[in-house]
Amino acid sequence: MTSSEFARIAVIADAHFHDLYGDYDFEGIEVEGRRMIARRLTDTMRSTRVFNESYQALRSALDKIVARGINLVVLLGDYSDDGQISTISALKKLLDSYSKDHGLVFVGTAGNHDIFGQNGRHHAKRFLNANGTYTTVASDSEFIDEDAEAMVFSDKMYCLGYPAGLQELPDLGFFSKTDAIHWETPFGRDTDWERRLYNACSADGKNEYQLMDASYLVEPVPNLWLLMIDANVFEPNNGDLSNAGSAAFIDSTNAGWNAMLVHKPFIVDWMKDVSARARLEGKTLLAFSHYPMIDMMDNTAADEKTLFGMTSSVRRTPSGKVADTVIEAGVSIHFSGHLHVNDTARVSNIKGTLTNIGVPSLVAFPPAFKILTIEDEMMNVETVSLCDVPIDNRINRQYRTEIAVTKKNVGSMLDASDYGEFLSAHVDQLVIHRYLKREWPPKLAQVARQLNLGDLFLLARSEKIMDWDEIIPTLKAERSCSNLVPETLGKMDSVPALDMIGDWYRLRMGSEMALDWISADRMAMYRLLIEAYKSDTSKDGEPKRMFATMFRMMAAYISGLPSRNFSVSLQTGQVMRQ
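Values in this document were obtained by computation on a predicted structure and should not be read as measured data. (Residues numbered from 1 in each chain as written. Predicted model: local features only at pLDDT ≥ 70, side-chain atom pairs only at ≥ 80, totals over all residues. Heavy atoms only, no water.)

(A) Broad picture of the nonpolar core. Among the nonpolar cores identified, the biggest contains 186 residues, and Ile 12, Leu 226, Met 379 and Trp 440 are the most heavily contacted of them. Looking at which element gives the most residues to this core, the answer is helix α11 (residues 419–439), with nine residues. Look past the residues within four positions of Met 379 in its chain and what remains in contact with it is Leu 286, Ile 333, Phe 335, Ile 357, Leu 372, Thr 373, Ile 374, Phe 566, Ser 567, Val 568 and Leu 570. Ranked by size, the runner-up nonpolar core spans seven residues in total, among them Tyr 24, Ile 37, Val 137 and Met 157. (Core = buried A, V, L, I, M, F, W, Y, C linked by side-chain atoms within 4.5 Å. Buried < 20%, exposed > 50% of the residue type's maximum accessible area, 1.4 Å probe, protein only. Helix = DSSP H or I, 4+ residues; strand = E, 2+ residues; numbered from the N terminus. Contact = heavy atoms within 4.5 Å.)

As structure tokens, this is what we get:
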């Protein structure tokens, strides 16, 4: 079979499926003859993903895949809410139904939310009651939530470890694909999980465990090899870990490929062997793992560290050594999720090129998945949006009941006409309830709440060195002697800096897809500010330097590689806009 005959592939990342009508030993809310088990909007506003909407988002994605006549689907990790036993069971039923009714074939990799360490870990979630209060459902009988209306304890909330968590999804490819032309693991073709163990050791050398690696290679159609890499790294903690349970392991969230090079070097050796055989046998090789191999934030990690310190994003940024190692191993195309961003990154050196395609989440802005078509040594990538998915008013009614109790200001989330508007409004709430509180320096966050774009433009043009407590009075004084056209400043004055920060995060997460949500006039203002802050600010005060860094990062988000509909040369790695 030539590359032009390959079937199309759909790639879904970070579906974070929550079973809205699931069985967690909690009665939930009766809605139209069913029992709804709904998470709180209060918790959603602080989370980088939405919860209840995942129930319909995954179904909508699969329906769009079926409508396009595609039957091969890659699940790129974090396919579940948090790996709860009941959630995984419901997910299996859903995937099985699409396989039975529509012929879909699923292959997957595990993410940090799907499985944990050797024996799993406990979880506790807040679910809405009919009166707007909440009940906490926990797998740990010793868990206490003093603010909850009630507590329910259930083993169904527990997240399993390796290999049990994977055995609950036997048809995802972790333990062979009976209908595949070829299937193997780094340890051979034996399907026994006990033959796929590696040693994980703590940094102090005191603790060592044997963990299963769930990587595999599958050939679903002739001459197409999918390298499904388990990039979860559960490093044992230091110290005395007797009876430590889940505390025996460091969470894999921030580990990724930096830790892979240290703790799973055998995967790199296997990748090198697979890529050599692929070239020899004329196979087209695509690699998939939950975690990125390249900085997916348009090379802004250094600026982010300067601006915000060691954020979660900075911790998750792969070092340059990762890309160099992967290129040396012969892998040139890789798909990742985890960060909930839609973007494309590329690294080249004298030995080759690595292109990393970031697949956005179904439950964060912008909601979308990718479709791959390989023909004539080119891979065409189409990004399919879920913004048109209708709002589920049954959920919204529960949210309104909740808000009547909590009195929370949720912005425009409950006025959204579709899923895209809902998630765009969610970004604005994240700015207020998460980013400014958790990641921004307090002085920068405080001043940003008081400024507008006109103020930021005046700050960029000012020759005065200002400290934080001088910004407001100094800018007010400078307005009286400014030679700017009043109309120009007036338009910029109408846009609060908080709105700009929301768009900054939209561009960060969506790249060119964010432009659907930002007006041309607004983008023109941002470009004007980007230009105004380009001058050397090293001798200016800290406030001006920080805003200059922000706009430099925004410029990078705008000018990155194509990330919506584009083509990648399988020979050279060149990325071209379609």
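(B) Seen up close, the pattern of salt bridges. The final tally for this structure, using the stated rule, is 32 salt bridges. In this structure, Glu 30 engages Arg 35 in a salt bridge whose closest nitrogen and oxygen atoms are separated by 3.8 Å. A residue is classified by how much of its surface remains accessible, and Glu 30, at 55% relative accessible area, is exposed. The class for Arg 35 is partly exposed, based on a relative accessible area of 40%. Asp 251 is paired through a salt bridge with Arg 121; the nearest N and O atoms lie 2.8 Å apart. On the criterion of sequence distance, the pair formed by Asp 251 in the loop between β13 (224–229) and α5 (256–263) and Arg 121 in the loop between β5 (105–109) and β6 (124–128) is long-range, its members being 130 residues apart. (Salt bridge = Lys/Arg side-chain N within 4 Å of Asp/Glu carboxyl O.)

(C) Here's a closer look at helix α7 (residues 301–308). Those residues of α7 lying buried are Ala 301, Asp 303, Glu 304, Leu 307 and Phe 308. Considered in projection along α7, the buried side chains sweep an arc of 155 degrees and stay on one side of the axis. Facing away from the buried side of α7, by more than 90 degrees, are the exposed residues Ala 302 and Thr 306. Tucked inside the fold, the buried residues of α7 contact α8 (312–315), α11, α12 (442–448), α16 (497–510) and α18 (542–558). Just downstream of α7, Gly 309 is the residue with a positive phi angle, here 90 degrees. (Arc of directions from axis to C-beta.)

(D) Summary view of the side chain of Gln 84. Checked against the element boundaries, Gln 84 lands in the loop between β4 (72–76) and α3 (85–102). At a separation of 2.8 Å, a polar atom in the side chain of Gln 84 contacts the side chain of Asp 81. Only 2.9 Å separates the side chain of Gln 84 from the backbone nitrogen of Asp 82, close enough to count as a polar contact. Apart from the residues within four sequence positions on either side, Gln 84 is in contact with Lys 125, Lys 156, Met 157, Tyr 158 and Cys 159. (Polar contact = N/O pair within 3.5 Å; in protein donor to acceptor, adjacent residues only side chain to side chain.)

(E) Representation of helix α17 (residues 520–532) in the model. Helix length check: α17, at 13 residues, gives a terminal C-alpha distance of 18 Å against a target of 18 Å (1.5 Å per residue), a fit within 8%. What α17 keeps buried is the set Met 523, Met 525, Tyr 526, Leu 529, Ile 530 and Ala 532. (Expected span 1.5 Å × (residues − 1).)

(F) Region of interest: the packing of α16 against α18. Packing of α16 against α18 brings their axes to within 9 Å, and their N-to-C directions diverge by 40 degrees. Judged on the interaxial angle alone, α18 and α16 are oblique. For the element pair α16 and α18, the recorded crossing hand is left-handed. Facing Met 500, Ile 501, Trp 504, Leu 507 and Arg 508 of α16, the residues of α18 in contact are Met 550, Phe 551, Met 553, Met 554, Tyr 557 and Ile 558. Looking at side-chain class alone, the contact of α16 with α18 contains ten nonpolar, no polar and one charged residues. (Axes fitted to C-alpha atoms, helices over the stretch in contact; angles between N-to-C directions. Parallel < 35°, antiparallel > 145°, perpendicular 65-115°, else oblique. Left-handed = near helix turned anticlockwise from the far one by under 90°. Nonpolar A, V, L, I, M, F, W, Y, C, P; charged D, E, K, R; others polar.)

(G) View of the layout of surface pockets. What the largest pocket holds in volume is close to 850 Å³. Lining the largest pocket are 36 residues, and of these Ser 47, Thr 48, His 113, Arg 316 and Arg 434 lie nearest its centre. Elements represented by at least two residues in the lining of the largest pocket include exactly β6, α8, α11 and α16. Residue contributions to the lining of the largest pocket peak at four residues, all from α11. For the lining of the largest pocket, a count of residues per class yields eight nonpolar, twelve polar and 16 charged. (1 Å grid on protein atoms, 1.4 Å probe; cavity = no way out; pocket = protein on both sides within 12 Å on 5 of 7 lines; lining within 4 Å. Points joined across faces, edges and corners; volume = space filled by probe spheres on them.)

(H) Representation of the sheet that holds strand β14 (residues 284–289) within the structure. Within the open sheet, the seven strands sit side by side as β9-β12-β13-β14-β15-β17-β16. Their pairing is mixed. Looking at strand neighbours, the two that pair on one side only are β9 (182–184) and β16 (343–349), the edges of this open sheet. Each adjacent strand pair in this sheet contributes to an overall mean axis angle of 20 degrees, direction not counted. Each of β16 and β17 (352–358) is contacted by helix α9 (residues 320–328), which is oriented at about 115 degrees to β17, the strand it contacts most. (Pairing = 2+ DSSP bridges.)

(I) Focus on empty space enclosed by the protein. With the rule as written, the count across this model stands at three cavities of 30 Å³ or more. Approximately 110 Å³ is the volume found for the largest cavity. Lining the largest cavity, in full, are Glu 53, Gln 56, Ala 57, Val 389, Pro 390, Ile 391, Asp 392, Ile 395, Asn 396, Tyr 419 and Phe 422. Of all elements in the fold, only α2 (54–67), α10 (393–406) and α11 reach the threshold of two or more residues within the lining of the largest cavity. Among the residues forming the lining of the largest cavity, the class breakdown is seven nonpolar, two polar and two charged. Taken as a whole, the second largest cavity spans an internal volume of roughly 40 Å³. Taken together, the residues of the lining of the second largest cavity break down into six nonpolar, two polar and two charged.

(J) Geometry of the packing of aromatic side chains. Counted under the stated rule, the structure contains 19 aromatic pairs. Consider the rings of Tyr 533 and Phe 551, whose centres lie 5.2 Å apart with planes at 15 degrees: the pair is stacked. Taken together, the residues Tyr 533 in the loop between α17 and α18 and Phe 551 in helix α18 connect sequence positions 18 residues apart. The same class applies to Tyr 533 as to Phe 551, namely buried. One aromatic cluster in this structure is built from Phe 308, Tyr 435, Trp 440, Trp 504, Tyr 505 and Tyr 557. Here Arg 39 stacks its cationic end above the ring of Phe 51, 3.8 Å away from the centre of that ring. (Phe/Tyr/Trp six-rings, centres within 6.5 Å; stacked < 30°, edge-to-face > 60°. Lys NZ or Arg CZ within 6 Å of the ring centre and 35° of its normal.)

Keep in mind these values describe shape, not function.
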